[in-house]
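Residues per chain are reported as follows:
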Amino acid sequence: MSPDLLPPVAPDVTAGLVEALSPRLRKRLDAGIAKLATRPVTREGDTVRIAVDDDTDLELHAPGGSVTRADAIRCGCLLAPDCLHRAAAASAAPIAEDAEGTDADTRTPDDTAAAPSGSAPADGSGTAADGSAPDGTSHDGIAPTGPPSAGTSTVGAPGDNPDDAFGSAPAAPDGDTSVTAHGRTRTRTPLDAPDGPSRRQSDAVTAPPRVPETVPPAQLDAARAVFDAAAAVLEAGTDGSGAVVQAALLRAAHTARLAGLPRIAASAVSVVNGTRAARTADPAHRLAALAEALRTVLGMAHRLPFATGADLAELRGTVRMPYTPDGSLRLYGLFSEPVLTTTGYAGAVTWTADAEGRLYTVSDVAPGGPGRATGAADRTVRIGDTALTHRELSRAGLAVSGATVSPTGRLGAGAGVRAVRASGAEWTAEPLDRLWTVPVAEQVARALSGGHDLLFLDVTLGGAVRGSTGDDLLAECDGLAVGLATAHDDPALPYRDNLRLLSAVGGARLRVVARLVPGPLPRALLLAAGHPSSPGTRLDLGLDRLQHADLPAAPAPAATEAPQADEAPLHLLRRRVHQAVSGGRRVLAFPDSGAGDGGRLRNVGLVTAADLLDELRSAAADRSRDAFGRLLPADPGRFARAWLASAVYTDEVERALCAAAWGAPH
């Protein structure tokens with residue numbers, strides 16, 4: 001039984017069924033999920049039936065496409081409704097979104113790094129359908145003036161008390177001459193009289209002190225619950241985070257959404273999805289992506305008690321993506337990319353640009369697997385009366401009237417929107433050519449500062465290069481050796497096969513579209529490229545398949561080793577951050593875990609990294625005993641905060657190294 005065959009189940013339904021199990025059945029839940037996965041599944045309309053055995057069936061009723069009530073999962077065994085089967089089925093099924101939808105800005109790196117082509121759809125109502133993050137990197141069109149990346153977080157709780165992170169919001173400063181917010185001090189001046197010169201200081205009327213908005217207790221409690229549940233996932237690692245631990249995080253996510261924290265809720269769900277992918281050996285699982293998802297949700301829950309103003313609004317997120325009127329648009333197709341996420345969504349996103357070079361996206365993403373990802377490109381674009389498919393739009397154009405656009409550049413498909421087919425433009429012609437005339441360093445700086453992460457590059461292809469993360473295609477771009485990597489590893493998508501064939505045409509000069517991969521070496525995910533033997537033809541490398549006959553006759557360059565960066569050994573800290581995600585606290589608690597790494601970091605001047613690594617190892621090994629020598633419960637909060645500080649530091653340093661590698665300002 002594949003999870004794709006089951007209807008999505010709401011987080012609170014899964015959490016409720018798991019919580020209702022007796023302690024004895026909870027211990028057997030993971031084994032029950034594995035056993036249920038081997039049973040046959042049939043679908044009849046809105047009902048999915050699992051044959052538990054020859055005489056017993058388990059039914060999931062999803063009249064709206066997802067299971068939103070616990071009584072919609074029915075089992076015919078003698079122990080029902082308190083049986084293990086219902087909780088096992090809910091835990092094995094994909095996680096459904098809440099009915100009211102999710103703002104696309106709530107997405108986390110779960111769907112971006114783990115599945116680099118991930119994106120959320122637009123259905124015309126402004127409702128995103130992936131319920132994830134995100135992370136993190138957005139794959140919708142992002143206007144140049146868009147908001148900062150949602151994945152950025154900082155750590156810095158006042159005080160050393162672990163409970164400080166969830167205390168009351170900072171009080172307003174005394175006095176009325178200044179107010180401090182986000183590290184900036186604004187001086188208040190006395191108000192002038194309506195007529196004549198300023199009043200005497202003794203008669204001055206001063207503005208009342210501006211009291212920062214406080215976080216309601218319900219949101220503080222919800223953030224604490226999410227932090228604690230995510231810390232439990234980190235404590236156990238993916239190896240130990242079974243269905244019970246996942247259900248606790250799903251319950252916390254549901255509580256956060258009810259408290260008005262949809263962004264934190266969606267980030268928590270993305271961690272559960274990433275954990276499930278790791279435990280089921282999903283090919284799309286990426287340890288770095290799961291680490292980023294954990295960093296995001298822990299960081300947001302940690303920051304919430306101290307946030308005010310715009311920062312607080314950003315952390316809360318919004319349930320619905322706001323779409324604003326944008327008049328008439330003349331758009332030119334750039335390329336299409338498939339969407340295949342670990343959250344059970346698939347489809348396609350087509351990128352377009354207007355005459356000024358602003359990027360817009362049209363997406364068609366819904367629950368599904370690889371088949372939907374490959375087939376969505378031939379589905380009709382859902383805007384106005386257009387009959388264009390995504391594949392056709394990527395090479396043609398679109399004239400839109402009454403357009404509505406989200407803050408991330410996603411086009412709405414409301415009833416008042418009209419769209420008709422228009423002529424397209426070549427990549428080498430205006431207005432698309434201007435995308436490639438922007439210096440590469442500026443494009444990288446834009447991506448690292450929260451803009452869209454697409455890079456428009458003119459490259460000269462080299463051969464395949466063997467690196468630690470697999471074979472890349474080496475290319476030269478503006479004097480830089482750039483590694484072009486596979487955007488998605490799923491074998492149903494042609495990315496890897498196309499990259500392998502392109503590596504056989506060394507010396508070819510191509511225009512490409514890629515997605516930035518932050519790191520100490522210039523590296524990007526290859527999304528689209530010009531045809532190596534047919535000028536003017538472009539290839540969507542996740543949808544179109546190159547053939548050997550398409551390649552010009554040229555000797556294949558030999559594979560080489562990846563260029564090595566003369567970099568500080570930051571990987572010593574990053575490796576421990578990732579080890580904790582997969583193995584939990586225990587892998588860092590061993591006496592020889594990372595022994596000597598702190599000294600190596602200090603020897604190259606990375607004193608902060610060394611201190612963070614020492615604290616991480618100390619927090620992992622911090623287990624005291626009672627008077628009888630028995631181990632006392634560990635403090636997952638200290639370990640989670642130590643891990644979070646290390647993860648944030650590593651991320652920020654890597655961003656600086658990435659900017660330096662591309663020659664971008666930072």
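(A) Highlighting the overall build of the chain. Within the chain, the secondary structure is distributed over 19 helices and 20 strands. The 666 residues of the chain split such that 53% are buried. With an accessible surface of roughly 27500 Å², the chain has 54% of that area assigned to carbon and sulfur atoms.

(B) Structural detail: the environment of isoleucine 33. Mapping isoleucine 33 onto the fold places it in helix H3 (residues 29–36). When the C-alpha positions of isoleucine 33 and alanine 87 are compared, they lie 8.5 Å apart, and in sequence the two are 54 residues distant. With sequence-adjacent residues up to four places away left out, isoleucine 33 is seen in contact with Ala88, Ser91, Ala92 and Ala243.

(C) Local environment of the pairing of strand S16 (residues 480–486). The element S16 is extensively covered by neighbouring structure, given that five of its seven residues are classed as buried. Bridge count for S16 against strand S18 (residues 523–530) is four bridges, and the pairing is parallel. The residue of S18 that forms the bridge with threonine 486 is leucine 526.

(D) Highlighting the sheet that holds strand S4 (residues 73–75). Spatial ordering of the open sheet is given by S1-S2-S3-S4, a layout of four strands whose pairing is antiparallel. With one partner strand each, in any of the chains shown, strand S1 (41–44) and S4 form the two edges of the open sheet. The average undirected angle you get between the axes of adjacent strands in this sheet is 20°. Pairing between strand S3 (residues 57–61) and S4: three bridges, direction antiparallel. Residue pairing across strands places leucine 58 opposite cysteine 75, the latter belonging to S4.

(E) Fine view of the sheet that holds strand S13 (residues 418–422). If you trace the five strands from one edge of the open sheet to the other, you get S10-S9-S8-S11-S13, paired in antiparallel fashion. Since the sheet does not close on itself, it has two edges, and those belong to strand S10 (359–367) and S13, each with one partner. Between one strand axis and the next, the sheet turns through 30° on average, direction left out of account. With nine bridges joining them, strand S9 (residues 345–353) and S10 adopt antiparallel strand pairing. Bridge pairing links alanine 348 to aspartate 364 in S10.

(F) Expanded view of the pattern of salt bridges. Counted under the stated rule, the structure contains 35 salt bridges. Across the pair aspartate 489 and arginine 286 runs a salt bridge, and its minimum N-O distance is 1.9 Å. Here arginine 286 lies in the loop between helix H7 (262–279) and helix H8 (287–303) and aspartate 489 lies in the loop between S16 and helix H14 (495–502), a separation of 203 residues in the sequence. Across the pair arginine 638 and glutamate 615 runs a salt bridge, and its minimum N-O distance is 3.1 Å. Placement of the pair is arginine 638 in helix H19 (residues 636–662) and glutamate 615 in helix H18 (residues 607–621), with a sequence separation of 23 residues. Glutamate 615 gets classed as partly exposed once you look at its relative accessible area, which sits at 33%.

(G) Here's a closer look at the pairing of strand S8 (residues 329–340). With respect to burial, S8 is a largely interior element, eleven of its twelve residues being buried. Across four bridges, the pairing between S8 and strand S11 (residues 397–401) is antiparallel. Bridge pairing links leucine 329 to valine 400 in S11. As judged from the eight bridges shared by S8 and S9, these two strands associate in the antiparallel manner. The residue of S9 that forms the bridge with tyrosine 332 is alanine 353.

(H) View of the environment of valine 9. Within the secondary structure, valine 9 sits in the segment before helix H1 (11–19). Classification of valine 9 by relative accessible area gives buried; the value is 0%. A C-alpha to C-alpha distance of 5.7 Å links valine 9 and serine 66, two positions 57 residues apart in sequence. Valine 9 has contacts with Thr14, Leu60, Val67, Ala90, Ala93, Pro94, Ile95 and Ala96, leaving out every residue within four places of it along the chain.

(I) Region of the structure containing the packing of helix H5 (residues 217–240) against H8. Between H5 and H8, whose axes approach to 8 Å, the crossing angle comes to 150°. Considered as vectors, H5 and H8 are oriented roughly antiparallel to each other. For H5 against H8, the interelement crossing comes out left-handed. Here H5 contributes Ala223, Val226, Phe227, Ala230, Ala231, Leu234 and Thr238 to the contact with H8, which in turn contributes Leu290, Leu294, Val297, Leu298, Ala301 and His302. Residue classes in the contact of H5 with H8 are distributed as eleven nonpolar, two polar and no charged.

(J) Local environment of the packing of H1 against helix H4 (residues 84–92). Relative orientation of the contacting elements H1 and H4 amounts to 145°, with a least axis distance of 9 Å. Our pair here, H1 against H4, has a crossing hand that is left-handed. On H4, the residues that touch Thr14, Leu17 and Val18 of H1 are Arg86, Ala87, Ala90 and Ser91. Tallied by class, residues from the contact of H1 with H4 come to four nonpolar, two polar and one charged.

(K) Examining unusual backbone geometry more closely. The residue after alanine 80, namely proline 81, is reached through a cis peptide bond having omega 5°. The backbone phi angle of aspartate 478 is positive, close to 50°, even though this residue is not glycine. Mapped onto the elements of the fold, aspartate 478 is located in the loop between strand S15 (470–477) and S16.

(L) Just a negative patch on the surface, in detail. On the surface, Asp53, Asp54, Asp55 and Asp57 cluster together into a patch of negative charge. What makes aspartate 53 partly exposed here is its relative accessible area of 35%.

(M) Just the nonpolar core, in detail. In terms of nonpolar packing, the biggest core is built from 65 residues, with Leu334, Leu461, Leu502 and Trp662 touching the most fellow members. Those residues in contact with leucine 334, other than ones at most four positions away along the chain, are Trp351, Thr352, Ala353, Leu359, Ser394, Trp427, Leu432, Leu435, Trp436, Phe456 and Arg538. Val233, Ala265, Val297 and Val581 belong to the second-largest nonpolar core, a separate cluster that totals 51 residues.

(N) Highlighting H8. Here H8 spans 24 Å end to end across 17 residues, near enough to the 24 Å set by a 1.5 Å rise per residue. Taken across its 17 residues, H8 has 15 buried, putting it largely inside the fold.

(O) H4, seen in detail. Here H4 lies mainly inside the structure; eight of its nine residues are buried. Those residues of H4 that fall on the buried side of the exposure criterion are Leu84, Arg86, Ala87, Ala88, Ala89, Ala90, Ser91 and Ala92.

Rules behind the numbers
- Each chain has its residues counted from 1, following the order in which its sequence is written.
- Given that the model is predicted, a residue must reach a pLDDT of at least 70 before its local features are reported, and side-chain atom pairs must reach 80 or more before they are shown or counted; all residues, however, enter totals for whole chains, interfaces and linings.
- Note that the side-chain values use all heavy atoms of the structure and ignore hydrogens as well as water.
- Helix and strand definitions follow DSSP, with helices as H or I runs of at least four residues and strands as E runs of at least two, each counted in order from the N terminus.
- Exposure is judged per residue with a 1.4 Å probe applied to protein chains only, and the accessible area is read against the type maximum: over 50% gives exposed, under 20% gives buried, and values in between give partly exposed.
- Per-residue and other accessible areas follow the Shrake-Rupley method at a 1.4 Å probe size, with only the shown protein chains counted as cover for residues.
- By definition in these notes, contact holds between two residues if any of their heavy atoms fall within 4.5 Å.
- If DSSP finds at least two bridges between two strands, the strands pair.
- For helices, the fitted axis covers only the stretch in contact; all axes are lines through C-alpha atoms, and the angles between them, taken along N-to-C directions, range from 0 to 180 degrees.
- Any carboxyl oxygen of Asp or Glu that lies within 4 Å of a side-chain nitrogen of Lys or Arg is treated as forming a salt bridge with it.
- Should an angle fall under 35 degrees it is taken as roughly parallel, and over 145 as roughly antiparallel, whereas 65 to 115 is taken as roughly perpendicular and any remaining angle as oblique.
- When the near helix sits turned anticlockwise from the far one by under a right angle, the crossing is termed left-handed; a clockwise turn instead gives a right-handed crossing.
- Residue polarity is assigned by list, with Asp, Glu, Lys and Arg as charged and Ala, Val, Leu, Ile, Met, Phe, Trp, Tyr, Cys and Pro as nonpolar; anything else, Gly included, falls into the polar class.
- For patches, a residue must show more than 30% relative accessible area and have no salt bridge; joins then use 9 Å for like charges and 5 Å for nonpolar side chains, namely Val, Leu, Ile, Met, Phe, Trp and Tyr.
- Positive charges come from Lys and Arg, negative ones from Asp and Glu, while His and the chain ends are left out of the count.
- Taken as the charge centre is NZ of Lys, CZ of Arg, CG of Asp or CD of Glu, depending on the residue.
- Joining through side-chain atoms within 4.5 Å is the link that ties buried Ala, Val, Leu, Ile, Met, Phe, Trp, Tyr and Cys residues into a set, and such a set is a nonpolar core.
- Here the expected length of a helix is defined as 1.5 Å per residue gap, with one fewer gap than residues.

Everything listed here is a matter of geometry and, on its own, says nothing about what the molecule does.
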